Each structure stands twice: as C-alpha cells, then as structure tokens.
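Chain by chain, the residues:
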Amino acid sequence: RVVWLPVLESAQHLEQARGLPREEARRQGIYILAGGRLIPEVVELVKIVADADVALSLGHLGPEEMMAVAEEIDKAGFKKGFVDHPFDPPLQLSEQNLYDLVRAGLSLNWTFFELSQWCGIDPRAMAHVTRKVGPDRVTLSSDAFFAAAPDSVEGMRLIVETFRLFGCDPDEMRKMQCLNACRLLGVEPYPALGDRST
C-alpha cells in the first residue's frame, strides 16, 4: 500500500546523517535528479503509483529532490504522497518547503522520532505548521524503530498527547491519528470508540 523513495541509502541521508562529502554521498547513494530534473525512472514511478492508487513516501530525499517529485505529483493530480518526519534535521526542509509540498498535494507525517532526544524538535513548531496547513493534511506516527526509543505504542501515545496539549480538538485528532492515514492507505477506518452504529 506504500512505495518508499530512498531512505537510508539516499544521497541526502548519507551526506547529512553520515557526514559524507556531497559528491561521495551522490556516488555511493541514490540521487534522483540529473541536470536539475527528475530521472525518468522516478517520473515513471509517479505514474505507476498514481495509476495503482497507492501511497508514495518521499523518504529521505533532499529539498530539491522533494520539490521535483512534488511538481510531478501535482501534474499527475496524485493526492497520496507524504513527507515523513519533515523536521528531521538531515532532510534540511524549511517551513516554506513544507507549505510548498502541501500545496502540491502532499501530506506531512509528524513522528515521535522528531520529538525524541535524537532530534529534539520544538513541538510548538510542529503545531504551528499543522495549524497553517490544516489537520486534513497531517498524519501522526511513532517512527519508534530503534532500541533507545519507547515502543511504537508509547511513541504514538506521546505524539498524540503532544498535539492534544497544543489544542487539537477530538475531530482534528481523529483525522490525524486515523482517518488521513486510512485515506492514504486506501483502507476503511475502524468505528470511533463508543460508536456502536456500525
């Protein structure tokens, strides 16, 4: 239900997270631009995921790569693209980048990982962007994949409670916790707790 563009093997990740020089990172890793344009394989991939109606994660691409993919997504009228942990430092995305990506049709997936000691992102910044783009374009997840993190259930609880503390109401929380992800994945949501009508 989801296709992922390069993550740990992306040139951006190798440069920003592992400290390789840019040219070496692009030689060892995956870089999806050539002459400032998307390589043909990625253009074809966007068509494939749009036709198959499956979600597309932009992985750990760099800002220029993400903007190029977003342009292609926008042209295709595709609405199931998303950006994982957009404030993760190695991605180097600015707040304006996020608004441009959302305007092109993508969603933002905030994660517990951004709040963890490994990133230490100010949750007020995440709440601020969420207010500007609206809860319809946001999902929440744990990304608690590493041994020093709490398990995924606790990671999810922590990010959910963070957004509640910043004033998200129950309808907004249901969208960000459940409904938006169901839309991206093409699955039916479970009935709301206490809803016995279905």
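Conventions used here
- Residues numbered from 1 in each chain as written.
- Predicted model: local features only at pLDDT ≥ 70, side-chain atom pairs only at ≥ 80, totals over all residues.
- Heavy atoms only, no water.
- Pairing = 2+ DSSP bridges.
- Helix = DSSP H or I, 4+ residues; strand = E, 2+ residues; numbered from the N terminus.
- Axes fitted to C-alpha atoms, helices over the stretch in contact; angles between N-to-C directions.
- Buried < 20%, exposed > 50% of the residue type's maximum accessible area, 1.4 Å probe, protein only.
- Right-handed = clockwise from strand over helix to strand, strands pointing away.
- Arc of directions from axis to C-beta.
- Contact = heavy atoms within 4.5 Å.
- Salt bridge = Lys/Arg side-chain N within 4 Å of Asp/Glu carboxyl O.

Undergrad: Would you mind going over the sheet that holds strand β7 (residues 138-141) with me for this structure?
TA: One key point about sheets: their strands pair by backbone hydrogen bonds, in either a parallel or an antiparallel sense. The strand order β1-β4-β5-β6-β7 describes an open sheet built from five strands, whose pairing is parallel. Looking at which strands have only one partner, the edges of the open sheet turn out to be β1 (2-4) and β7. Pairwise comparison of adjacent strand axes, ignoring direction, gives a mean angle of 25° for this sheet. Where strand β4 (residues 55-57) meets strand β5 (residues 81-84), two bridges bridge the pair, whose relative direction is parallel.

Undergrad: Honestly, the pairing of β5 in this entry has me stumped. Any pointers?
TA: The side chains of a regular strand alternate between both faces of the sheet. Along β5, one buried face is formed by Gly81 and Val83 and the opposite face, lined by Phe82 and Asp84, is buried too. Running through helix α4 (residues 63-76), the crossover from β4 to the neighbouring parallel element β5 is right-handed. Sheet topology places β5 next to strand β6 (residues 107-111); three bridges connect them, and they run parallel. Within β6, the residue paired with aspartate 84 across the bridge is asparagine 109. Of the crossover connections in this fold, the one passing from β5 over helix α5 (residues 95-103) to the parallel β6 is right-handed.

Undergrad: Is there a simple way to explain helix α7 (residues 123-133) in this structure?
TA: Helical geometry: 3.6 residues make up each α-helical turn, so side chains three or four residues apart lie on a common side. Burial in α7 covers these residues: Met126, Ala127, Val129, Thr130 and Val133. Each buried residue of α7 sits inside an arc of 165° when the element is viewed along its axis, so together they form one side. Exposed residues lying more than 90 degrees from the buried face of α7 are Arg124 and Lys132. Buried residues along α7 sit in contact with α5, β6, α6 (112-115), β7, α8 (152-165) and α9 (170-185). A positive phi of about 90° marks glycine 134, the residue just after α7.

Undergrad: What exactly am I supposed to notice about the pattern of salt bridges here?
TA: Two side chains that carry opposite charge are able to pair once their charged atoms sit near each other. For the structure shown, the criterion picks out ten salt bridges. Close ionic contact of aspartate 136 with lysine 175 constitutes a salt bridge, the shortest N to O distance being 2.9 Å. Taken as a pair, aspartate 136 in the loop between α7 and β7 and lysine 175 in helix α9 lie far apart in primary sequence, 39 residues in all. Relative accessible area serves as the criterion here: at 28%, lysine 175 is assigned to the partly exposed category.

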